[in-house]
Structures are given as C-alpha cells and as structure tokens.
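Spelled out from the first residue to the last, the chains are:
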Amino acid sequence: MSPRAAAARVLAQLAGPGGAIGDLLAPHRELREFGLLREICHGVCRHRDALDFLLGKLLERPLRKRDQDLRYLLLGALHQLRELAVPEHAVVNETVRAAGELGKDWAKPLANAVLRNFQRRRDELELALAGESAAVRFSHPQWLVEAIGADWPRHCQPILEQNNVRPPLCLRVNRRKADREQGMRRLREAGVECDPGQLAPSAIYLPKPRPVGEIPGFAEGWFSVQDEASQLVPGLLAAAPGERVLDACAAPGGKTCHLLETEPGLASCLALERDAGRSAMIQDNLARLGLDADLAVADAADPPAWWDGEPFGRILLDAPCSATGVIRRHPDIKLLLRPADLAAHAATQARLLRALWRCLKPGGHLLYTTCSLLRRENEQITGRFLAETDDAETLPIAADWGIECAQGRQLLPNGPVGPDGFYFCLLSKALRGKAAAR
C-alpha cells in the first residue's frame with residue numbers, strides 16, 4: 001500500500017476509538033516510505049481544523065461519514081501541497097492513485113478536481129483561513145484554546161503557534177561516559193551537526209533529525225533521546241551519594257537513567273511503573289546504558305503493594321497529565337484529549353502526591369512534575385496539597401528559565417530549538433509539622 005493510502009486509513013482509525021497515532025503507525029514501520037507516511041499523519045493532526053476549513057471550501061457537498069478515509073486522504077494531500085517540498089504534480093497524481101487503493105475509483109475525478117482547484121485558488125483560500133478563529137487557524141479544540149488563554153493570556157497565541165512547530169531532536173549525553181563537549185566532539189567528527197542546549201548541561205540538539213540508529217555512539221550508550229526540559233530533573237532533585245531515590249510513574253525510564261548517570265553513588269534507585277509492558281522499556285534503556293535500578297510493576301498510589309517501609313530521601317513524581325506541553329511532539333493530543341480528562345488527571349495527581357508523601361523521609365525532597373501547561377494540573381494541585389499537608393513546604397527554584405508560579409516554575413514550549421512545556425515544583429518534608437513549629 002502507498003504511504004498516502006496508508007496514512008488515510010491510519011487517520012480514519014484515529015478519528016474513531018483507534019488509539020494514539022504512534023500505536024497506529026507501528027505496524028507500518030517497515031514501509032519503504034514510512035517517513036512520508038508519518039509526516040502526513042502528524043501534519044494532518046497538527047493542522048486538521050485548518051485543512052478541514054480549506055477542504056470545505058473546495059467540496060460542493062460534504063463527504064459521507066463512511067468516506068472518512070477519503071476525507072483524510074484529501075486532507076493529507078492539502079498538507080503536502082501547503083507544507084512539504086514534494087512536487088505538486090506528484091501529490092495530485094499519487095493522491096488520485098491512492099483513492100483507487102482505498103477502493104474508491106469513483107473518487108478519483110473528485111480528488112483531482114479538489115487538488116487542482118486548491119492550486120488555482122490557494123491565495124484566496126489562505127486569506128479566508130486567516131480570518132477564522134484561533135481554534136480553526138491553529139487547529140486546537142475551542143475548549144483548549146480557552147483553557148490556555150485563561151491560564152496564559154499573554155502567551156496564548158505563541159503557545160498555539162509553538163504547538164504546531166515540528167519538535168527538535170534533543171539528546172542527553174551520558175555523563176558516565178563523557179561530558180557534553182566530548183559528546184559533541186564525537187558527533188561532529190562523524191559529520192553530525194549539533195548545538196549545545198541552553199538550560200541543561202547534558203542537552204545537545206541536532207538541527208537535522210535522524211533515526212537513533214544513525215546517531216554515532218547511541219548503541220554504545222553515549223546518548224539518549226530526551227527533551228531538554230526533562231533533563232533539568234536531576235539538578236533540581238539534587239540526590240546525594242548514599243541516598244535512596246524513587247522514580248514513580250517511571251516509564252519509559254529516561255529520568256531514571258538520567259538520575260543514575262548524574263549520581264553514581266546512590267544507595268538505591270527504585271523505578272515504579274504500573275504497566276508491565278512499559279516497565280520492560282525501562283529495563284531496555286537501563287541495559288543499553290549499562291545502568292542498574294530496582295524495578296517494580298505496581299501502582300505508585302498504593303504503597304503497601306510495593307514499599308518496604310524504609311523512607312526515600314528523594315522522590316520524583318512525574319505525574320500522568322494532559323500532556324498539553326508536548327503537543328508539538330504528539331499532535332494527536334489535540335484530537336484525542338477531552339475536557340473531562342482534566343478532572344480525571346487532577347484526581348490521579350492529587351492521589352499520587354498524597355500517597356507518595358508517606359514514603360518520603362523528614363528533610364527529604366519530592367519533585368512534582370508534569371508535561372502540562374494547565375494550572376489545574378500544576379500549581380493548583382501543589383497549592384491544594386500544601387494547604388492540606390501539615391509537614392509540606394515548597395522550596396524556591398532559583399533559575400533564569402521559565403515563569404515563576406505561585407509554587408514552582410513553568411516552562412512553555414519554545415521554538416524549533418528549545419524545551420517542551422513542563423512544570424516543576426520542589427517540595428520538602430519538614431522535620432516538624434507547621435503546627436508544631438508554631
């Protein structure tokens with residue numbers, strides 16, 4: 001099957017109860033033109049509402065519900081004409097051929113007419129699109145535009161714009177094998193262009209993304225793929241030699257591995273993950289990097305199922321969330337996320353925070369993080385927890401990055417080279433409760 005027809009079917013599945021785009025793409029990874037297939041799928045997810053607006057102007061009547069694969073075939077073609085350096089005649093011809101692959105020979109003349117009409121009317125149509133709402137122009141659901149606007153009124157449009165930018169490829173150098181300069185030297189000697197990150201001392205950006213198998217030193221454990229925002233975690237948690245560390249909700253293991261790379265002298269590091277399949281990903285990453293950690297398949301919110309009763313000096317809670325800070329990496333979030341999901345996430349976040357606090361020793365630190373932009377998952381969660389917990393206090397994060405919040409700091413998605421959206425709040429367990437201190 002051609003990548004265009006395959007993309008149409010993947011996107012039609014995603015529009016139903018099909019699952020995440022990564023899962024739907026996985027069976028097609030051996031396809032010769034998988035890169036084009038993935039680009040079409042991600043591009044349509046990024047720009048679907050804008051593309052739907054344009055398609056509506058080009059069709060005489062709406063397509064039938066049973067022709068969703070044809071709809072996505074045409075949306076994918078419009079994305080190629082607008083965004084990709086593919087010859088326009090090839091886009092038109094291959095899209096017409098793909099309609100036949102979908103069993104819709106009757107739609108070949110329609111596909112040809114729609115795409116040639118777009119070529120003729122492109123400037124007029126793009127001008128009409130520019131007059132539409134932010135939800136249509138930036139292809140975000142209206143409720144999410146309103147939520148981001150309420151939380152970040154001065155930053156709303158830049159956030160929407162950044163969510164539609166192709167994400168950078170950021171590497172983390174394994175500090176047990178090399179420092180950043182040595183890692184960059186190895187890459188450059190192999191002809192790989194690279195630049196240092198601005199926030200984390202382990203971060204390296206590749207201006208030209210490539211498969212990990214083509215990154216020199218990756219197989220030998222010199223590098224891992226990890227966004228720069230996540231690479232700030234070990235510095236904030238500041239685990240000391242001899243300390244017991246817990247990484248709750250740890251899969252796929254990037255932060256666990258980074259904690260171990262940063263402080264080899266930990267007494268122990270326990271990585272928790274409730275899903276056995278995702279826990280296996282942690283083990284794979286540890287093995288590639290030559291690291292050891294204790295693994296447990298368990299729900300972090302249920303300490304009796306996994307905790308031996310000995311408290312931890314440092315706990316990382318990278319809580320499940322809406323992932324609204326990483327939409328540029330996972331554009332299907334815009335299609336899959338629902339307002340009701342936020343309440344469910346907030347309840348889970350609060351439950352995890354309360355449960356894990358029992359496992360932290362007095363004087364210990366817990367770092368609460370999410371890849372969300374929404375205050376109801378971030379400072380509202382930590383603020384409520386602080387108000388309800390007698391021995392909890394927040395520690396200031398002294399940094400020249402991000403935005404200071406009532407508790408913690410917020411990074412917003414930043415440019416074609418820069419971190420994802422991420423929230424950090426560092427909490428300390430007081431040696432005495434607030435009431436006793438008074």
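Each value, and the rule that gives it
Residues numbered from 1 in each chain as written. Predicted model: local features only at pLDDT ≥ 70, side-chain atom pairs only at ≥ 80, totals over all residues. Heavy atoms only, no water. Helix = DSSP H or I, 4+ residues; strand = E, 2+ residues; numbered from the N terminus. Rg over C-alpha atoms; globule rule 2.2 N^0.38 Å. Contact = heavy atoms within 4.5 Å. Areas by Shrake-Rupley, 256 points an atom, 1.4 Å probe, with all protein chains shown as cover. Lys, Arg positive; Asp, Glu negative; His and termini not counted. Charge placed at Lys NZ, Arg CZ, Asp CG, Glu CD. Expected span 1.5 Å × (residues − 1). Axes fitted to C-alpha atoms, helices over the stretch in contact; angles between N-to-C directions. Parallel < 35°, antiparallel > 145°, perpendicular 65-115°, else oblique. Nonpolar A, V, L, I, M, F, W, Y, C, P; charged D, E, K, R; others polar. Phe/Tyr/Trp six-rings, centres within 6.5 Å; stacked < 30°, edge-to-face > 60°. Lys NZ or Arg CZ within 6 Å of the ring centre and 35° of its normal. Pairing = 2+ DSSP bridges. Right-handed = clockwise from strand over helix to strand, strands pointing away. Polar contact = N/O pair within 3.5 Å; in protein donor to acceptor, adjacent residues only side chain to side chain. Core = buried A, V, L, I, M, F, W, Y, C linked by side-chain atoms within 4.5 Å. Buried < 20%, exposed > 50% of the residue type's maximum accessible area, 1.4 Å probe, protein only. Arc of directions from axis to C-beta.

Participant: Describe the overall build of the protein chain, with residues and values.
Facilitator: Across its full length, the protein chain holds 17 helices and 13 strands. Relative to the 2.2 N^0.38 estimate, which gives 22 Å for 438 residues, the radius of gyration of the protein chain is 24 Å and therefore close to what a compact globule would have. The principal-axis extent of the C-alpha atoms belonging to the protein chain is close to 75 × 50 × 40 Å. Across the protein chain, the fraction of contacts at a sequence separation of at least 24, relative to all contacts at a separation of at least 6, is 72%. Accessible surface, the protein chain as shown: approximately 19,000 Å² in total, 50% of it carbon and sulfur. Across the protein chain, the mean location of the 56 positive side-chain charges is 3 Å away from that of the 55 negative side-chain charges.

Participant: Could you give an account of helix α5 (residues 88-101), with specific residues and numbers?
Facilitator: An ideal rise of 1.5 Å per residue puts 20 Å on 14 residues; α5 measures up with 20 Å between its terminal C-alpha atoms. Buried residues in α5 make contact with α1 (3-15), α4 (68-83) and α6 (108-130). Just downstream of α5 lies G103, where phi reads positive at about 80 degrees.

Participant: Could you give an account of the packing of α4 against α5, with specific residues and numbers?
Facilitator: Packing of α4 against α5 brings their axes to within 10 Å, and their N-to-C directions diverge by 170 degrees. Of the possible angle classes, the one that applies to α4 and α5 is roughly antiparallel. Residues L73, A77, Q80 and L81 of α4 lie in contact with α5, whose contacting residues are E88, V91, T95, A98 and A99. The class makeup of the residues in the contact of α4 with α5 is 6 nonpolar, 2 polar and 1 charged.

Participant: Lay out the packing of aromatic side chains with the relevant residues and their values.
Facilitator: Scanning the model with the defined rule gives 5 aromatic pairs in all. The side chain of R244 reaches across the aromatic face of F312, ending 4.4 Å from its centre. Looking at R288, its charged tip hangs above the ring of F218, at a distance of 3.9 Å from the centre.

Participant: Residue-level account of the pairing of strand β7 (residues 294-297), with values.
Facilitator: As paired strands, strand β6 (residues 268-273) and β7 are joined by 4 bridges and run parallel to one another. Paired with E273 across the strands is V297, a residue of β7. Read as a crossover between parallel neighbours, the route from β6 over helix α13 (residues 276-289) to β7 is right-handed.

Participant: Got a sec to walk through the side chain of T369? Specific residues and values, please.
Facilitator: Its location among the elements puts T369 in strand β9 (residues 360-370). Side chain to side chain, T369 and D318 meet in a polar contact 2.8 Å long. Other than its neighbours up to four places away in sequence, T369 contacts L316, L317, D318, A319, F422, Y423 and F424.

Participant: Go over the nonpolar core, please, and point to the residues and values.
Facilitator: The biggest cluster of nonpolar side chains holds 81 residues, and the ones touching the most others in it are W306, L317, L356, L366 and F424. With residues near it in sequence (within four places) discarded, L366 still touches I315, L317, L353, L356, W357, L360, C425, L426 and L427. By size, the runner-up hydrophobic cluster in this structure holds 48 residues, among which are V10, L54, L59 and L78.

Participant: So what's going on with the environment of K57? Which residues, and what values?
Facilitator: Here K57 lies in helix α3 (residues 34-58). Judged by relative accessible area, which is 43%, K57 ranks as partly exposed. Along the backbone, K57 and E146 are 89 residues apart, and their C-alpha atoms lie at a distance of 26 Å. Among all residues touching K57, those that are not within four sequence positions of it are R121 and L125.

Participant: For helix α9 (residues 156-163), give the residues involved together with the corresponding values.
Facilitator: One full turn of an α-helix is made of 3.6 residues, so residues set three or four places apart face in the same direction. All of the buried residues along α9 are C156, I159, L160, Q162 and N163. One side of α9 carries all its buried residues, which in axial view fall inside an arc of 165 degrees. Contact partners of the buried residues in α9: α7 (134-137) and α8 (142-151).

Participant: Quick rundown of the sheet that holds strand β2 (residues 195-196)? Include the residues and the values.
Facilitator: Reading across from one edge, β2-β3-β1-β4 is the order of the 4 strands in this open sheet, with antiparallel pairing throughout. The sheet terminates laterally at β2 and β4 (223-225), the two strands that pair on one side only. Summarising the sheet, strand β1 (residues 169-173) and strand β3 (residues 203-206) pair through 4 bridges and their orientation is antiparallel. The residue of β3 that forms the bridge with L171 is I204.

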